[in-house]
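Survey of secondary and tertiary structure
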Amino acid sequence: IREEVPPLHLTRYLLCEVDISRPTRGTNDAGAAIASGLKERERVYNTLLYVPWQLERLLAMGLLVCFDSCLGLFTFLPWRLVFIARRIVAAGPGSLRRLLLGSTTQQQHADGASSSDASGDGEATLLQPEHVLDVFWALIIIVGVLFVSAFDVSVIYHYIRGQEMVKL
């Protein structure tokens, strides 16, 4: 058995929109209608307000992560490179040869010597993988800067400006 719902007049609709808490006259189950209206409105508000707010928070977090990465790259990387260079210089001239030609730990094991020298630092650990990664980051930045500095920006700008299809 289906209950008949009275037709929704413009005045009743406007009253429901303005004052949701007040039940409308002429309906049998005004409380259920109001509750379902509240649920729909909450779902719409979640879509229109909550999702963009969460997206903004995600974008702000991404911006902070990028900012942190750039700051780390341009502030800590030079210092780390200085400490790497100091470590290579402090290890002596033979360490550079060992670094370029490879580790001599296999030769030491073949001769029966341990992989540690008298100070306790292993000869094979002159540069850790993090140090090599820092050197590669610096090389990437240097190559990128040299590559970009080879182009004249004004020529590129006027070339793009003169085209009909490609506009900035």
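Residues numbered from 1 in each chain as written. Predicted model: local features only at pLDDT ≥ 70, side-chain atom pairs only at ≥ 80, totals over all residues. Heavy atoms only, no water.

1. Here's the deal with the state of the cysteines
Enumeration over the complete set of coordinates arrives at zero disulfides. Cysteine Cys66 is unpaired, with the sulfur of Cys70 as its nearest cysteine sulfur at 6.7 Å. (Disulfide = S-S within 2.5 Å.)

2. Quick notes on helix α5 (residues 129-149)
The end-to-end C-alpha distance of α5 is 30 Å, a good match for the 30 Å that 21 residues give at a rise of 1.5 Å each. Within the span of α5, buried status applies to His131, Asp134 and Ala138. What you see down the axis of α5 is that its buried residues fit within an arc of 60°, all on one side. In α5, the exposed residues that point more than 90 degrees away from the buried face are Pro129, Ile140, Val143, Phe147 and Val148. (Helix = DSSP H or I, 4+ residues; strand = E, 2+ residues; numbered from the N terminus. Expected span 1.5 Å × (residues − 1). Buried < 20%, exposed > 50% of the residue type's maximum accessible area, 1.4 Å probe, protein only. Arc of directions from axis to C-beta.)

3. Regarding the confidence of the model for the protein
Mean pLDDT over the protein stands at 75; residues scoring 70 or higher make up 64%. Considering each helix and strand of the protein separately, the mean pLDDT is smallest for helix α4 (residues 105-111), with a value of 50, and largest for α5, with 92. For residues 113-123, every residue scores under 50 in pLDDT, and the model assigns this stretch 13 contacts once sequence neighbours within four places are set aside. (pLDDT = per-residue confidence, 0-100. Contact = heavy atoms within 4.5 Å.)

4. Concerning the side chain of Asp134
Turning to its location among the elements, Asp134 is positioned in helix α5. Under the relative-accessibility criterion, Asp134 is labelled buried at 8%. Ignoring anything within four residues of it in the chain, the contact list for Asp134 reads Leu77, Arg80, Leu81 and Ile84.

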